[in-house]
Amino acid sequence: MIMARASNKTNPARELVFGDLWEYDAAPETAAPKLKKRYDLFINGQFVAPKKGKYFTTINPGTEVKIADIALGGAADVDAACKAAQKAFTTVWGPMPGKERGKYLYRIARLLQDHAREFAVAETMDGGKPIKESRDFDLPMAAAHFFYHAGWADKLPYLAAGRQVAPYGVVGQVIPWNFPLLMLAWKIAPALAAGNCVVLKPAETTSLTALKFGEICQEAGLPPGVVNIVSGAGETGAAVINHPLTSKVAFTGSTEVGKLIMRSLAGTEKKMTLELGGKAANIVFEDAPLDQAVEGIINGIFFNQGHVCCAGSRLLVQESVAGEVLARLKRRLATLRVGDPLDKNTDIGAINSKEQLGKITELVKAGVAEGAEMHQSACQLPAKGFYFRPTLFAKVSMSHRIAREEIFGPVLSMLTFRTLEEAVEKANNTPYGLSAGVWTDKGSKILKMSTLLKAGVVWANTYNKFDPASPFGGYKESGFGREGGKQGLMDYCKVG
Amino acid sequence: MSARLTITKTPKCYVGGAFIRSESGRVFELKDHKGEFFANVPLCSRKDLRNAVEAAAKAGPGWAKRTAFNRGQILYRVAEMIESRVEDMAGALMLGGVTKAAAMKEVVAAVERIVHYAGWTDKYEAMLGSVNPVASAHFNFTVTEPMGIIGVLAPDERPLLALVSLILPAITSGNCVVALASETQPYPAILLGEMLAVSDLPGGVVNLLTGKRAEMVPTFATHEHLRAISGAVNAEQRKALRLGAAESVKRVRLWKAEEAVDWESDAMEGLEEIRALVECKTTWHPVGG
C-alpha cells in the first residue's frame, strides 16, 4: 500500500521509450588484440611448452568461437616455475635495492599503458566484459596498481614503525576470471614491490591477458623467474598453493575454494591471504539523492555482468521510497544495452562461461519458485554466446536463496526496511562481509552506518569504486588480508 | 593447644565476571613439583567453553565501545592489581618448580607487558589506520575494528607470561577473550582471574578456563563465534585448529609449543600482535560536489 502511494505521489515525468524501433549502429572496437594461436607457460622469463604437452581451448564467451590454445600446466611445470622464482629471489630480486625494483614496476606500468587498447580487446574477447569497462576500468586500474606499488619498493622501512620488514620469498597466487588482468596486477604489484617473486595461476577461462603479461615482463627486461605464469585448471592452482617453495599464498575466488585452501594448508605454516565471496547490502535511505542512488544501484550490480565479489546484490531500500526506487529501477533496466562485448555501446556483455550461466539460471529459477517478483529487461539477446537478461527481484525476503547465496551474475534482489537498526541487522545477517553501500544525504548517518556494518569496504553515495591506495578485503567468510594501500602491502611482508 | 587448621582454597575459573566450577562438576588434581597434592582445579568441559563464549559475547559490544583512553586506564589498573600481589603470583608459579627469583622475574615481566599494552590502546589506531589518497572526490579512510571474541590457548611453559602475552593484544583493541590456561600449571591463571576481578575490567572481557587442551581444541577450532584463535600449541593441535578454522574462515595466529618461544623478548609484544587481531575497514565518504 505504501509502495502504491509512493509511486502515485511522485508521478514520474513522461518518457519516450523507443524499444527496438530504431537499432543503434554497431560500434565495434577494432583495435587488434595481437593474439597468438597458441600460448605456452611463462616460466623463468621464457614461454615454454608444458612438460606433458597438453593444451586446452579458450573461447570467446560472446560468440562461443575458439580464440587460442592455452598450455595446461601440470605439477612438474609448477615445480619448475617455483624453482625459477626461488632462484630469482635469492640471486637477483632479493638482493636488488628497492629503488631498482621500483623502476621495473614503473616500466611495467608504462608498458601496460602503451599496450592498453590491445589488452582491453583481448580481455573483452576472452572474458566477455564490455569493451568500455576493460578499456576505461580494468586497464587503467591495472597500470595504476603497478605505478602505486612501484613507489613503495624503496620505502618499505616506513611501512611498519619500529620493525624490520622482509619479503617472504616465493609467493603463490591464484586469481579469478572476473577481472583477469586487474587481479593479476593486485597480486603481482605488491608482491614484487615487497621483494617477493611470484608464481601465478590465472583462471582457466581467462588466461590470455595473464600470458600476454608475460610478454610485458620480457619487454620490461624483468629478470627471468621474478614473475612466472602457469595456466591451467584447478589442479594446477592446487599445485601452486601446495608447493613447498611457496611460503605465502594469495587467493581470490569463491569462499568454497578458499575453505579448501585453508584445509589443504592446515598442516603447514604458510601465510595466507584470501579474498572470497560476498553478498553485499546496498542500503538506500529515504533521504538519499534517488537519481544518483539508482545509477549507483545499477552500477553496483550490473558492472561486469555482476561478476564482482563485492557486487551490491542485496538492495535494501527504506520502505517509504521503495515504490519509487523500484519504478525507477525498472525503467533504467529497460535502457541497458546487452550484447556484443566488443561494441562500445554495450552496457552488459557476455556471461563468462556456460557453467556460470547455468548457475545464474538455476538461482534465478529458485528466486521465482520461492515467490519473489521478477522483473527482466525485454532486450534481444544475441543468438550465439552466453548472455543473461539483467534481472531484478522485488518482494525478496531474507530467507530466499537469492538473498543469501552469491549469484555472481546480473541479478539484483530488493528487500525493504523501516529503521536504520533494521537495515543494519539485515545487512549484517550473512556469513559474508566484503562490502556494503550506503545512500543518504546525511554525512553523520554515513559514518554511523560505516561503524555498524560488518564489512571491509563501505561505499557511501557511490559503489564499486577502487583505488590502489585504498585497502580492499573482507570480514568473516569473505576472507582475510587486504589488497591495496599500506595494509595490503604489509600482507606481502614478513614483519620481524 | 593444637595448631590452627588452615582454610584451603577451592580454585575456580573466572568467567563472565564470576567464579565458576565446571558445569560438568569435574576437577583434576593439581600437584606441586614435589608431587604433593595442592588443590582440585576445575576440569572445564566444552560446554564451559561455549558458556564462556556467551559471556564474552555479552561483554563484547560494551568493551569495544569504551574509549581508547578508558581501555588504557583499565589495563593499567590490571597491572596495578598484579603488582600489589606479586608475592602471591610468584608463589603460584613456584608450584611448577621454578626458583623464587625466576618466578618473580616472570611476574614482573607480565606486569611490564600489561603496562606496555595499556599504553597502546590510544595509539595503535594512528599506526594501523590510514587516510588513503584516492584519485576521486572521496575522503577515503581505513580504521581498524576488533574482530570480536578471540580464543586463546596458552602453552604449558611460562603459564603467566605467555597467557598474558596472548590475552593483552586482543583486549587492547576491544576484543574479548576466552582463554584456556596452561594444562600443567593452571594455578597462575586462577590467581590472574582473582586479580582481574578486582581491576576495573568489565566481567566477560577476559574469561579463563582450566582443563585439558586436547579435549578443548576441537571446540576452539570450530566454534563459529570465536572469530580468531591465538595460541601456542603443538603441531597436531595447530593442524586441528586450522582445519576447524576453515569452516568459518576464522583467523589463526599460532606459535609452536614444541619450540622454545622467548616470551620475555620485546619481539613478543607490540603493534604486530595487535594488528593480527583487528579487521581493517575502509570507508569511501563523498567530499561534496
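Computed from a predicted model, the values in this text were never measured in an experiment.

Topic: the overall build of chain A
- A tally of regular secondary structure across chain A gives 16 helices and 20 strands.
- The C-alpha radius of gyration computed for chain A amounts to 23 Å, which stays within 12% of the reference 23 Å derived for 496 residues, consistent with globular compactness.
- For chain A, the C-alpha atoms occupy an extent of roughly 70 × 55 × 35 Å along the three principal directions.
- The buried share of chain A, taken over its 496 residues, is 58%.
- When contacts within chain A are restricted to residue pairs at least 6 apart in sequence, long-range pairs at least 24 apart make up 73% of them.

A word on the domain arrangement of chain A
Residues and elements named next belong to chain A.
- Domain annotation of chain A identifies domain 1 (38-276 + 476-495) and domain 2 (278-460).
- Taking only C-alpha atoms, the centre of domain 1 and the centre of domain 2 are 30 Å apart.
- Contacts between the two partners involve 19 residues from domain 1 and, on the opposite side, 27 residues from domain 2.
- Among the elements of the structure, α4 (116-127) and α5 (131-150) are those that each provide at least two residues to the side of domain 1 that touches domain 2.
- When grouped by side-chain class, the residues that make up the side of domain 1 that touches domain 2 number four nonpolar, eight polar and seven charged.

Details of helix α12 (residues 354-369) of chain A
All names here are of chain A.
- Between its terminal C-alpha atoms α12 stretches 22 Å, which fits the 22 Å expected from 16 residues at 1.5 Å a residue.
- Considered for burial, the residues of α12 that qualify are Q356, I360, L363, V364 and G367. Projection of α12 onto a plane perpendicular to its axis shows the buried side chains occupying an angular sector of 100 degrees, all on one side. In this structure, α12 carries E355, G358, E362 and A369 as exposed residues pointing more than 90 degrees from its buried face.
- Turning to α12, the residues buried within the fold contact β14 (373-376), β15 (391-394), α13 (401-404) and β16 (411-417).
- At the exit of α12 stands G371, carrying a positive phi of roughly 105 degrees.

As for the interface of chain B and chain A
- Tallying the contact residues gives 26 residues for chain B and 35 residues for chain A.
- Elements supplying a minimum of two residues to the side of chain B that touches chain A: β5 (130-132), β6 (138-146), α9 (235-246) and β12 (278-286) of chain B.
- Of the residues in the side of chain B that touches chain A, the class split is eleven nonpolar, nine polar and six charged.
- Sheet topology places strand β18 (residues 457-460) of chain A next to β12(B); three bridges connect them, and they run parallel.

Comments concerning the packing of helix α3 (residues 86-94) of chain B against helix α7 (residues 187-197) of chain B
Residues and elements named next belong to chain B.
- Running from amino to carboxyl end, α3 crosses α7 at an angle of 160 degrees, the nearest separation of the two axes being 8 Å. Regarding the angle of α3 to α7, the classification is roughly antiparallel. By crossing handedness, the relation of α3 to α7 is classed as right-handed. Contacts between α3 and α7 involve D88, M89, A92 and L93 on the former and, on the latter, Y187, P188 and L191.
- When the residues that make up the contact of α3 with α7 are grouped by side-chain class, the tally is six nonpolar, no polar and one charged.

Parameters at a glance
- Residues numbered from 1 in each chain as written.
- Chains lettered and ligands numbered in written order.
- Predicted model: local features only at pLDDT ≥ 70, side-chain atom pairs only at ≥ 80, totals over all residues.
- Helix = DSSP H or I, 4+ residues; strand = E, 2+ residues; numbered from the N terminus.
- Rg over C-alpha atoms; globule rule 2.2 N^0.38 Å.
- Buried ≥ 20, exposed ≤ 12 C-beta atoms within 10 Å, placed from the backbone.
- Contact = placed C-beta atoms within 7 Å.
- Domains from an automatic or database assignment.
- Nonpolar A, V, L, I, M, F, W, Y, C, P; charged D, E, K, R; others polar.
- Expected span 1.5 Å × (residues − 1).
- Arc of directions from axis to C-beta.
- Pairing = 2+ DSSP bridges.
- Axes fitted to C-alpha atoms, helices over the stretch in contact; angles between N-to-C directions.
- Parallel < 35°, antiparallel > 145°, perpendicular 65-115°, else oblique.
- Left-handed = near helix turned anticlockwise from the far one by under 90°.

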